[in-house]
Amino acid sequence: MGLFFGLNKDGLCATCQHMISLEVDLRRKAIADASHRVDSTLNPQSKIAGLDLLVENIEALRKFEARGIPSVEGSPSALLEEARSKRQEVVLAAAHAELQDMMAKVEKAAAWEAKRHLYATFLLRMEDYKRKLDDPSRLSDVELHVRRADHQAQLDAIMGRALAAEKEGKRPEAVRAYQEAAEFLGKSCLAEPARTRLRARLNAKTKLLR
């Protein structure tokens, strides 16, 4: 287009300059709206959604920054780093708050199936949170905590069956349940030395009932 039209100081023809100005104006408005959304809400999910929009629109302006075309006050790269850092903080805080809420519900749940449903739902939510983090491993401790709680719930259910069978005098059934518990324990992510102590207890129970 430079062969037929004069170019401005940024190397753009009038048509291209107009199109860029339109996009920059739209992006700046979207950034302002997203910033207001983030600052005006206490809801973590609304904050995260606002920060997602903020990051998306600032990222779109970096292509202009690379060409030396001004778009926003300051540097889009610096603004992007700030927005991403803020999103990391909000995502991590939301994940830990959701963990506390979920564990409170688990405490009230009587059936182990209900506990497992809460754990499974939470772990799916963690996948969403991890996708918004530059370093997903920052939620590894939360995931491990929940997986261990989930495995403990499953193990408690098996042990409950074993103890019930033992109490009713159903020794073969109790032995099978204790063996099932030992097998599950071997595949679980429960922490040591608790696993070692429980493994010794299960072995002793199995030998006693045989």
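Our subject is the structure that appears above.
Attention in this report is confined to the structure presented alongside it. (Residues numbered from 1 in each chain as written. Predicted model: local features only at pLDDT ≥ 70, side-chain atom pairs only at ≥ 80, totals over all residues. Heavy atoms only, no water.)

### Focus: the side chain of Gln88
Thinking step 1. As for its placement among the helices and strands, Gln88 is situated in helix α3 (residues 76-108).
Thinking step 2. Gln88 sits in the buried class, given a relative accessible area of 5%. (Helix = DSSP H or I, 4+ residues; strand = E, 2+ residues; numbered from the N terminus. Buried < 20%, exposed > 50% of the residue type's maximum accessible area, 1.4 Å probe, protein only.)

### Quick word on the pattern of salt bridges
Thinking step 1. Applying the stated criterion across every chain, the model contains 18 salt bridges.
Thinking step 2. Of the charged contacts in the structure, one is a salt bridge between Asp52 and Lys132, with a shortest N-O distance of 2.6 Å. Here the residue Asp52 occupies a position in helix α2 (residues 44-66), and Lys132 occupies one in the loop between α4 (112-131) and α5 (140-167), the gap between them amounting to 80 residues.
Thinking step 3. With a relative accessible area of 26%, Lys132 lands in the partly exposed category.
Thinking step 4. Of the charged contacts in the structure, one is a salt bridge between Glu192 and Arg195, with a shortest N-O distance of 3.8 Å.
Thinking step 5. A cluster of three or more residues bridged by salt bridges with shared partners is formed by Glu98, Arg125, Asp128 and Arg131. (Salt bridge = Lys/Arg side-chain N within 4 Å of Asp/Glu carboxyl O.)

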